[in-house]
Structures are given as structure tokens and as C-alpha cells.
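# Geometric and topological summary
Residues per chain, in single letters:
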Amino acid sequence: MSQYPKWKKNRTSYMKQGTGWAIIAITVLILLFIGIGILTGAKTTYRLYSDTIQEWTTKLEGSAFLYLFEMENRSFKDAHPEGNRIPGLGTLSFQLLTSLTPNDPRSLLGREIPGLSSYNSQIIIAGEGTDYSTLPIESEPPMIVDERGEVGDVEEEKEEKEDKDQTEEKPLGEEDIYIFHTHNTESFYPHLPDKSTAYDGKVNITLVGERLGESLEEKGIGTIVDKTDIASLLNEKGMKHYQSYDAMRPVVEEAISQNDGLKYFFDLHRDSISREHTTTTINGKEYARFAFVIGAEHPKYEQNLKFASELHQRLEDKYPGISRGVITKKGAGVDGVYNQDLHPNAIVIEFGGVNNHLDELYRSADIMAEVFSEYYFEDEKVNSES
């Protein structure tokens, strides 16, 4: 009989604990419903929109997004920089609260040292030889653009087509690809008698766009190659070189409105970095290398980033060293959007550099068409089955 009060006391204690947990659970549920009600019932001025979330996520280190891609495609596991590990909760919280990235002094010094803010790119996937000293850079704005360049001797050979019957899979005339050139006069020194400028009205990046379009058509992929002279358009409207993307935007918007089937948008540029970083040798032949640039200043840029990362991975799997990697850009001194907000499959591709020859660029255009066509037809098959 002496143990009965003790048992009664323990039972009372358990009941109190259970009641406490029940109260906590009910309180959490009430707060959850209140929170949902606030988010869905508040005036539009106070709702949490995707641009708010995007503002938070842009404070995170870009390579962290690779872990999200890895959830869908395990091949991205090999894309992590050597020694890189998933950021811890403490690191992520620190980046969100301070906008500072550990081990990257640019996030602090870039606000204080003039000129350092121009190095506001983030290497998402680093290709061979790619670091912050070999990032894609643009030439100085052209003073005068005329037609002085000469194409000269260019090898017109085409790479062997691995799948001859693919041209029957997509009827020509149904355009899915839109190729354009925001800096259409970007040229190449080997074709310019006067090396005082890297721009030309005749021999320029648009020739590479034409070659890529031809190669895609031969693969059975309908392609539009835009030939808008943005340099002349800027002059007509009294706009500056840095406003090129603003001038190009209505052109792309019109193309989208007139062609409902467009699914991919390639804005072709050429880099200004030295030849050693923009050229690689494959099977004894020299090729211009690619670099993918994504603007990180619009709410859905992760979709563009995913597409560019997939292309990079496929290129590297088949032609190691051909891609310099995937870079995001945002902040002062850069456009930060590059009209990629118009479509999730819009990307900027740096084709080689100012010291590459057209035959090297043409070979690379054929490789891009080959690798992209494999991706394209796989994607078409998946969509048709779903």
C-alpha cells in the first residue's frame, strides 16, 4: 500500500507532460494556420513574392545550387569544385544575414575598393583553367565600326555526322532555336588588318551564328538566325554600348510573339581574354572554347542556370576541355539579366575569344550543334511520352 501514492504521483506527472505537448502542438498548428492566412489573405503590397525570395537566394554562394541540380541529375555530382562541400546551416545563415561569402573577399572589399566590384561574377562550374583571373570579359566599347575585315582562308569542312537520319525527325521550317548577337560587331584579330579595334561590321560573331544555325538545320532542328545590326540600332537611337541588351530586347520579344514554337535562345558573343584560355586542341585540331554566362538578377535565373549547366556537362563528357564553365553575373558594371528573363532556356554563350580564327570557331559551332542536338532530341522524346 505504501507504493500506491508513488504510482499515482508518476501518473499525474505523465498526464501533465502529455497535456503540455498537446498544448504545444495545438499552438504550432494555430500559428501555422495564422501564417498561411497572412500570406494568402494579405494585401498584394505585403505578400511574399518570388523576387523577395530571389533577393535572399542571391546572397548565397552560387555553387550551392549545384546540390539542387544534383537531386535531379546525379552527373552534377562530378561538377563540384575539388574540396567543395555542401554549406552548413551556420554558413548559409551568415551569408543571408550579412551578404558576405566566406573565403571570397570580393563580397566585402568589392564595396570599398573602386574597380573591384567589376569582378562580381560567380563561378558555378569551373572548366579547365577557369578561375577568377580567367573570367570572361568584354572588349572596350567600339569607337568606330566599319567593314574592314577579311574572312580569308577558312576551312569549310564539317565534322562527320554520327546520325544521318536525324534530319527526318524534325521537319525543317518548324523553328525551335533562336540565335542572336547582342554585340553583333564583335570581331577577331586574325581577320582584322588593323588591330586597333576588336570590332568589325563584316567579319564578326554573326558568321559564327550562321554556321551554328546551318549545323543545327542539318541535324533536323529548325533554327532562326537573327541578323539585326544592334550597333547601327544603337547609333540611330542615340544609345550607348552598355545599352545593347535594352536595344536587343524588343527584337527578341517580337521573335517570341511571332514564333510560338521557339524553345531555346542562344545569344552568341566572343570573349576578350587571351588565346591560351579560349582555345583547346582535340584530335590534333584547334577549337574555340565555350563559356556560359547567366545573369543572376532576375527571379527565375536558376532555370537558365540549370540549362547552361546541363549543356556544359554534356560538352565536357564528350569533348573534355571544350567548355570553360558556367558563370553567373550580377551587380554594378554588368547587365545582370541579359534578357534571359524572357525564357528559361535563354543563355549567353561566349564563343572563343578575340584571338581565335574562324575555322576554330566553325569547328566549335559544329560541336555545339552535335551535342545540343542530342540533348534536344532526348528532351523532345521525354516531352512526347509525358
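Residues numbered from 1 in each chain as written. Predicted model: local features only at pLDDT ≥ 70, side-chain atom pairs only at ≥ 80, totals over all residues. Heavy atoms only, no water.

### Some details on the overall build of the chain
Within the chain one finds eleven helices and nine strands. Taking all 386 residues of the chain together, 44% fall into the buried category. For the chain, long-range pairs separated by at least 24 residues make up 77% of all intrachain contacts whose partners lie at least 6 apart in sequence. Of the roughly 20800 Å² of accessible surface on the chain, 55% is carried by carbon and sulfur atoms. (Helix = DSSP H or I, 4+ residues; strand = E, 2+ residues; numbered from the N terminus. Buried < 20%, exposed > 50% of the residue type's maximum accessible area, 1.4 Å probe, protein only. Contact = heavy atoms within 4.5 Å. Areas by Shrake-Rupley, 256 points an atom, 1.4 Å probe, with all protein chains shown as cover.)

### Points about the packing of aromatic side chains
Remark: the centre distance and the inter-plane angle together describe each pair of aromatic rings, the angle taken between the planes. Overall, the coordinates contain 14 aromatic pairs when judged by the stated rule. Seen from their ring centres, phenylalanine 372 and tyrosine 376 are 6.1 Å apart, and the 40 degrees between their planes marks the pair as tilted. Of this pair, phenylalanine 372 and tyrosine 376 both sit in helix α11 (residues 358-385), four residues apart, which is roughly one turn of that helix. This pair shows no difference in class: phenylalanine 372 is buried, exactly as tyrosine 376 is. Ring pairs connect the aromatic residues Tyr264, Phe266, Phe307, Phe372, Tyr375, Tyr376 and Phe377, which therefore count as one cluster. Lying across the ring of tyrosine 199, arginine 270 places its NZ or CZ 5.6 Å from the centre. (Phe/Tyr/Trp six-rings, centres within 6.5 Å; stacked < 30°, edge-to-face > 60°. Lys NZ or Arg CZ within 6 Å of the ring centre and 35° of its normal.)

### Quick look at the pattern of salt bridges
Opposite charge on two side chains makes pairing possible when the charged atoms of those side chains draw close. Within this structure, the stated rule accounts for twelve salt bridges. Among the ionic pairs, aspartate 366 bridges to arginine 211, the shortest N-O distance being 3.0 Å. Here arginine 211 lies in helix α6 (residues 205-218) and aspartate 366 lies in helix α11, a separation of 155 residues in the sequence. Summarising the burial analysis for this pair, aspartate 366 and arginine 211 share the class buried. Here aspartate 271 ties to arginine 324 by a salt bridge, and the two come within 2.7 Å at their closest N and O atoms. With aspartate 271 in strand β4 (residues 264-271) and arginine 324 in strand β8 (residues 323-329), the pair connects residues that are 53 residues apart, well separated along the chain. When sorted by exposure, aspartate 271 lands in the same class as arginine 324, which is buried. Overlapping salt bridges bring together Arg249, Glu253 and Asp341 as one network. (Salt bridge = Lys/Arg side-chain N within 4 Å of Asp/Glu carboxyl O.)

### Re α6
Over its 14 residues, α6 runs 20 Å from end to end, which matches the ideal 20 Å to within 8%, given 1.5 Å per residue. Burial analysis of α6 places ten of its 14 residues in the buried class, which makes it a mostly covered element. Buried within α6 are the following residues: Ile205, Thr206, Leu207, Val208, Gly209, Arg211, Leu212, Gly213, Ser215 and Leu216. Phi turns positive one or two residues past the end of α6, at glycine 220, with a value near 90 degrees. (Expected span 1.5 Å × (residues − 1).)

### Points about the confidence of the model for the chain
Residues with a pLDDT of 70 or more make up 65% of the chain, whose mean pLDDT is 80. Long-range and interchain partners of residues 111-118, a stretch whose pLDDT sits below 50, account for seven contacts in this model, where long-range means more than four residues apart. (pLDDT = per-residue confidence, 0-100.)

### Structural notes on the nonpolar core
Ranked by size, the top nonpolar core spans 46 residues in total, and within it Leu212, Phe266, Phe292, Phe351 and Phe372 carry the most contacts. Here this core takes twelve residues from α11, the largest share from any one element. (Core = buried A, V, L, I, M, F, W, Y, C linked by side-chain atoms within 4.5 Å.)

### Describing the sheet that holds strand β1 (residues 121-126)
The strand order β1-β8-β7-β9-β4-β2-β3 describes an open sheet built from seven strands, whose pairing is mixed. Taken across any chain shown, the strands that pair with only one partner, and hence form the sheet edges, are β1 and β3 (222-225). Ignoring strand direction, the axes of neighbouring strands in this sheet form an average angle of 25 degrees. Pairing between β4 and strand β9 (residues 346-353): six bridges, direction parallel. Bridged to aspartate 271 within β9 is glycine 353. The sheet strands contacting helix α10 (residues 301-318) are β1, β4, β7 (290-295), β8 and β9, and the helix crosses β7 at an angle near 170 degrees. (Pairing = 2+ DSSP bridges. Axes fitted to C-alpha atoms, helices over the stretch in contact; angles between N-to-C directions.)

### Section: the packing of helix α7 (residues 230-237) against helix α8 (residues 244-258)
Orientation of α7 relative to α8, taken along the N-to-C sense of each, is 105 degrees, at an axis distance of 10 Å. In terms of orientation, α7 lies roughly perpendicular with respect to α8. Of α8, the residues touching α7 (which contributes Ile230, Leu233 and Leu234) are Ser244, Ala247 and Met248. Residues belonging to the contact of α7 with α8 are distributed by class as follows: five nonpolar, one polar and no charged. (Parallel < 35°, antiparallel > 145°, perpendicular 65-115°, else oblique. Nonpolar A, V, L, I, M, F, W, Y, C, P; charged D, E, K, R; others polar.)

### Here's the deal with unusual backbone geometry
Within the chain, asparagine 283 stands out as a residue other than glycine whose phi angle is a positive 50 degrees. On the secondary structure map, asparagine 283 appears in the loop between β5 (279-282) and β6 (285-288). Residue classification places asparagine 283 among the exposed residues on the basis of a relative accessible area of 76%. Its identity is not glycine, yet asparagine 339 carries a phi of approximately 65 degrees, on the positive side. As for its placement among the helices and strands, asparagine 339 is situated in the loop between β8 and β9. Of the residues examined, asparagine 339 reaches a relative accessible area of 7% and is grouped as buried.

### With respect to the environment of glutamate 150
If you trace the backbone, glutamate 150 turns up in the loop between β1 and β2 (175-180). Sequence separation between glutamate 150 and asparagine 204 is 54 residues; the distance between their C-alpha atoms is 10.0 Å. Once residues within four sequence positions are removed from consideration, glutamate 150 is found in contact with His191, Lys202 and Val203.

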